Amino acid sequence: MFRTVYAIFILMLVTPVFADGDAKAGKKAFNKCKSCHMIVDNAGEVIVKGGKTGPNLWNIVNRTMGTQEGFKYSKLMVVAAEQELRLDVSVFGDYLSDPSGWLKEQTGDKGKSKMLKQRVKDADVLNLWAFLSESASPES
């Protein structure tokens with residue numbers, strides 16, 4: 001019995017969480033993001049063409065923040081990476097609405113994020129997460 005419960009718990013931890021959002025609506029909402037971000041998979045296939053000011057958002061779902069290889073992050077985001085903060089659906093909206101404030105609060109460090117504050121409706125937060133979960137994940 002204990003092994004079964006433990007196995008289910010571990011499976012819940014490693015299974016991607018797909019928010020109760022609409023991925024199609026999330027793709028539309030991502031138009032605001034693509035001025036700075038792109039989604040290009042590990043094989044180099046462009047999922048969403050976008051800017052290079054921000055890191056590639058491929059495999060961002062539940063990934064440790066600040067770990068996109070080859071991207072120069074702010075000091076505050078480097079601290080987040082060192083503390084192994086993860087971007088998941090429970091913090092996604094708070095992070096988008098005030099990246100620097102959220103990172104300062106979580107890390108206890110000073111500094112400023114390169115990510116700009118985003119005005120995103122609550123429904124769009126879930127939609128964006130659903131889109132990223134479906135389109136920017138290795139499982140997709």
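Residues numbered from 1 in each chain as written. Predicted model: local features only at pLDDT ≥ 70, side-chain atom pairs only at ≥ 80, totals over all residues. Heavy atoms only, no water.

Another point: the overall build of the chain. Scanning the chain from N- to C-terminus turns up six helices and two strands. Its helices and strands taken in sequence order, the chain reads α-α-β-β-α-α-α-α from the N to the C terminus. Out of the 140 residues in the chain, the part that is buried amounts to 39%. Summed over all atoms, the accessible surface of the chain reaches about 9100 Å², with 55% contributed by carbon and sulfur. (Helix = DSSP H or I, 4+ residues; strand = E, 2+ residues; numbered from the N terminus. Buried < 20%, exposed > 50% of the residue type's maximum accessible area, 1.4 Å probe, protein only. Areas by Shrake-Rupley, 256 points an atom, 1.4 Å probe, with all protein chains shown as cover.)

Overall, the coordinates contain four aromatic pairs when judged by the stated rule. Ring centres 5.5 Å apart and planes at 45 degrees place the aromatic pair Phe-30 and Phe-131 in the tilted group. Residue Phe-30 is located in the loop between helix 2 (23–29) and strand 1 (39–40), and its partner Phe-131 is located in helix 6 (residues 122–135); the two are separated by 101 residues in the primary sequence. Neither residue differs from the other here; Phe-30 and Phe-131 are each classed as buried. (Phe/Tyr/Trp six-rings, centres within 6.5 Å; stacked < 30°, edge-to-face > 60°.)

So, about the confidence of the model for the chain. Averaged over the chain, the pLDDT score is 84; the fraction of residues at 70 or greater is 85%. Looking over the chain, one finds the lowest element-wise mean pLDDT in helix 1 (residues 2–14), namely 42, and the highest in helix 3 (residues 75–82), namely 95. In this model residues 2–19 is a low-confidence stretch, pLDDT under 50, and it forms twelve contacts with partners more than four residues away in sequence or in other chains. (pLDDT = per-residue confidence, 0-100. Contact = heavy atoms within 4.5 Å.)

For residues besides glycine, phi is generally negative; the peptide bonds are generally trans as well. At Asn-62, a position not held by glycine, the phi torsion is positive, near 65 degrees. You can see Asn-62 is positioned in the loop between strand 2 (46–48) and helix 3. According to the relative accessible area criterion, Asn-62 is partly exposed, its value standing at 23%. The backbone of Glu-84 sits at a positive phi, close to 55 degrees, despite the residue not being glycine. Along the polypeptide, Glu-84 turns up in the loop between helix 3 and helix 4 (89–97). Using a relative accessible area of 58% as the deciding quantity, one classes Glu-84 as exposed.

Among the residues of helix 5 (residues 99–107), Pro-99, Ser-100, Trp-102, Leu-103 and Thr-107 are the ones counted as buried. Projected down its long axis, helix 5 carries its buried residues within an arc of 165 degrees, all on one side. In the core, the buried residues of helix 5 are packed alongside helix 3 and helix 4. Just past helix 5, the residue Gly-108 takes up positive phi, approximately 75 degrees. (Arc of directions from axis to C-beta.)

For the rest of this paragraph, the subject is the pattern of salt bridges. Under the counting rule described, the total for this entry stands at one salt bridge. One salt bridge connects Lys-75 with Asp-109, and the closest N-O pair in it is separated by 2.9 Å. Here Lys-75, found in helix 3, pairs with Asp-109, found in the loop between helix 5 and helix 6; they are 34 residues apart in sequence, far enough to count as distant. Looking at Lys-75, the relative accessible area reads 56%, which means it is exposed. Asp-109 gets classed as partly exposed once you look at its relative accessible area, which sits at 22%. (Salt bridge = Lys/Arg side-chain N within 4 Å of Asp/Glu carboxyl O.)

For the rest of this paragraph, the subject is the nonpolar core. Core analysis: the biggest nonpolar cluster contains 28 residues, and Phe-30, Ile-39 and Leu-132 have the highest contact counts within it. Of all elements in the fold, only helix 3, helix 4, helix 5 and helix 6 reach the threshold of two or more residues within this core. (Core = buried A, V, L, I, M, F, W, Y, C linked by side-chain atoms within 4.5 Å.)

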